[in-house]
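# Analysis of the macromolecular model
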Amino acid sequence: MKTISDIKELRQQISTWRQQGFTISFVPTMGNLHAGHISLVTAAHKHADKVVASIFVNPMQFGVNEDIENYPRTMESDQQKLTAAGTDLLFTPTPEIIYPKGLDKQSYVEVPNVSDGYCGESRPGHFRGVSTVVCKLFNLVQPDVACFGLKDYQQVQVIQTMVEDLSMPIKIIPVATVRETSGLALSSRNGYLTEEELKIAPALSQNIQWLAKQVATNNDFIGLAKQAASFIDNAGMKTDYIHICHARTLQPASEDDKEIVILAAAHCGKARLIDNQQVSL
Ligand code: PAF
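All of the points below concern the structure found in this document. Since the model is a prediction, treat every value here as computed from it, not as a measurement. (Residues numbered from 1 in each chain as written. Predicted model: local features only at pLDDT ≥ 70, side-chain atom pairs only at ≥ 80, totals over all residues. Heavy atoms only, no water.)

## Observations concerning the pattern of salt bridges
Counted under the stated rule, the structure contains eight salt bridges. For R128, the salt bridge identified is with E110, shortest N-O distance 2.9 Å. Residue R128 is located in helix α6 (residues 126–141), and its partner E110 is located in the loop between α4 (95–98) and α5 (119–122); the two are separated by 18 residues in the primary sequence. Its salt-bridge partner being E164, residue R248 comes within 3.5 Å of it at the nearest N-O pair. One end of the pair, R248, is in the loop between β7 (238–246) and β8 (259–268); the other, E164, is in helix α7 (residues 153–165), and 84 residues separate them in sequence. (Salt bridge = Lys/Arg side-chain N within 4 Å of Asp/Glu carboxyl O. Helix = DSSP H or I, 4+ residues; strand = E, 2+ residues; numbered from the N terminus.)

## Considerations on the site of the ligand
Residues in close proximity to the ligand include P28, T29, M30, N58, Q61, V130, V133, F148 and Q155, which together make up its full environment. Contacts to the ligand include Q155, whose side-chain N or O atom sits 2.7 Å from an oxygen atom. Relative to its free-state accessible area of 290 Å², the ligand is covered by the protein chains to the extent of 88%. Every element with two or more residues in the shell around the ligand is listed here: β2 (24–29) and α6. Here the shell around the ligand is built from residues that sort into five nonpolar, four polar and no charged. (Near = heavy atom within 4 Å. Polar contact = N/O pair within 3.5 Å; in protein donor to acceptor, adjacent residues only side chain to side chain. Areas by Shrake-Rupley, 256 points an atom, 1.4 Å probe, with all protein chains shown as cover. Nonpolar A, V, L, I, M, F, W, Y, C, P; charged D, E, K, R; others polar.)

## Considerations on the side chain of R123
With respect to the helices, strands and loops of the structure, R123 is situated in the loop between α5 and α6. On the basis of relative accessibility, which here comes to 12%, the residue R123 falls in the buried class. Among the polar contacts made by the side chain of R123, one reaches the side chain of E66 at a distance of 2.8 Å. Filtering out sequence-adjacent residues up to four positions away, R123 remains in contact with Q61, E66, R189 and R272. (Buried < 20%, exposed > 50% of the residue type's maximum accessible area, 1.4 Å probe, protein only. Contact = heavy atoms within 4.5 Å.)

## Let's talk about unusual backbone geometry
In this structure, N113 is a non-glycine residue whose phi angle is positive, near 65°. Following the sequence through the fold, N113 ends up in the loop between α4 and α5. Unlike most non-glycine residues, S167 shows phi in positive territory, near 50°. The class for S167 is exposed, based on a relative accessible area of 63%.

## Remarks on the sheet that holds β7
Within the open sheet, the three strands sit side by side as β7-β8-β9. Their pairing is antiparallel. Bordering the open sheet on either side are β7 and β9 (271–280), each of which pairs with just one other strand. With strand direction ignored, the average angle separating the axes of adjacent strands in the sheet is 10°. In terms of strand pairing, β7 meets β8 through eight bridges, oriented antiparallel. Residue pairing for β8: I244 is matched across the bridge by I262. (Pairing = 2+ DSSP bridges. Axes fitted to C-alpha atoms, helices over the stretch in contact; angles between N-to-C directions.)

## Describing α7
The end-to-end C-alpha distance of α7, which contains 13 residues, comes to 18 Å, matching closely the 18 Å that a straight helix rising 1.5 Å per residue would cover. Burial analysis of α7 places eleven of its 13 residues in the buried class, the great majority of the element. Of all the positions in α7, only Y153, Q154, Q155, V156, Q157, V158, I159, Q160, T161, M162 and V163 are classed as buried. In the core, the buried residues of α7 are packed alongside α5, α6, β5 (145–149), β6 (171–175), β8 and β9. Positive phi appears at S167, one or two residues downstream of α7, with a value of about 50°. (Expected span 1.5 Å × (residues − 1).)

## Re the packing of aromatic side chains
On inspection of all chains with the given rule, the structure shows six aromatic pairs. Relative to Y71, the ring of F62 has its centre 5.6 Å away and its plane inclined at 85°; by these criteria the two rings are edge-to-face. The pair formed by F62 and Y71 is uniform in burial state, with each residue classed as buried. Members of the aromatic cluster, connected to one another through ring pairs, are F26, F138 and F148. Across from the ring centre of F22, 4.6 Å away, lies the NZ or CZ of K50, which sits over that ring. Here the basic side chain of R128 rests over the ring of Y108, its NZ or CZ set 3.7 Å away from the ring centre. (Phe/Tyr/Trp six-rings, centres within 6.5 Å; stacked < 30°, edge-to-face > 60°. Lys NZ or Arg CZ within 6 Å of the ring centre and 35° of its normal.)

## Some words on α6
Between the first and last C-alpha of α6 there are 22 Å, a value that for 16 residues agrees with the 22 Å anticipated at 1.5 Å per step. Here α6 lies mainly inside the structure; 13 of its 16 residues are buried. Following α6 by one or two positions, Q142 adopts a phi angle in the positive range, close to 50°.

## Some details on the sheet that holds β5
Within a sheet, each strand pairs with its neighbour through backbone hydrogen bonds, oriented either parallel or antiparallel. With respect to topology, six strands assemble into an open sheet ordered β1-β4-β3-β2-β5-β6, the strand pairing being parallel. Lying at the two open borders of the sheet, with one neighbouring strand each, are β1 (2–4) and β6. Geometrically, the sheet is characterised by an average inter-axis angle of 25° between neighbouring strands, direction not taken into account. Along the sheet face, helix α1 (residues 7–19) touches β1, β2, β3 (50–55) and β4 (89–91) and points at about 150° away from the line of β4.

And the structure:
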């Protein structure tokens, strides 16, 4: 696997592949890779000839109270994992390469509505940072398809909306969440959990599953979500939010909606965990 940080070199490689008639799929990441990321690379292989991954810890999507300095950086083991998964090219730009004028002077992409609630409310500016960097990475890599994990369900909807609204010729492939046998969704943030917290954390996915069963026969969505939040809190976590939403618009679900999603976030010790479940009624 070739690793490139320079934009000119990246563009040269992409254009060589294009001249040779290859299609390209893209897996953007912030590194600290686990089996969930590798499942994105596996999916990417199914959709195109060449797979490009990126590792960039994007300062624009971190809030003022979020500790970007201590975000785990594990480049060597990430490179080994990506190589083993058959990645063709890894792009590893620096913040100076992506934001040469600094964050204050950087143009940005804002995706309204789907970015607003849930994680968008708890992490102001987060989705503006995500959509801006993904737009920029799309312009650099110019992939045919790009793979994103469904654990970050709201992020997938933000990117899908951006691609549609701005007519980007890129197919977004949502990839199923990879879980521990306990049900806990794989996440870089699980690394912050103590042994004791690791036993508590599966309560998030368990209560989402409970809610997914309840909504089939009970349309008091607000009451049910409140109950699930108290179960999560009683298990020793602190619910940030849990909502039953329309699967595409992410607006609060109405009883007529057929495709819904349960979105949830909860604090477990130092970690803020998110998870979700789609339900077809
Ligand atoms: O999901 C992530 O790791 C990031 O939000 C992404 C999509 C790589 C943008 O920085």
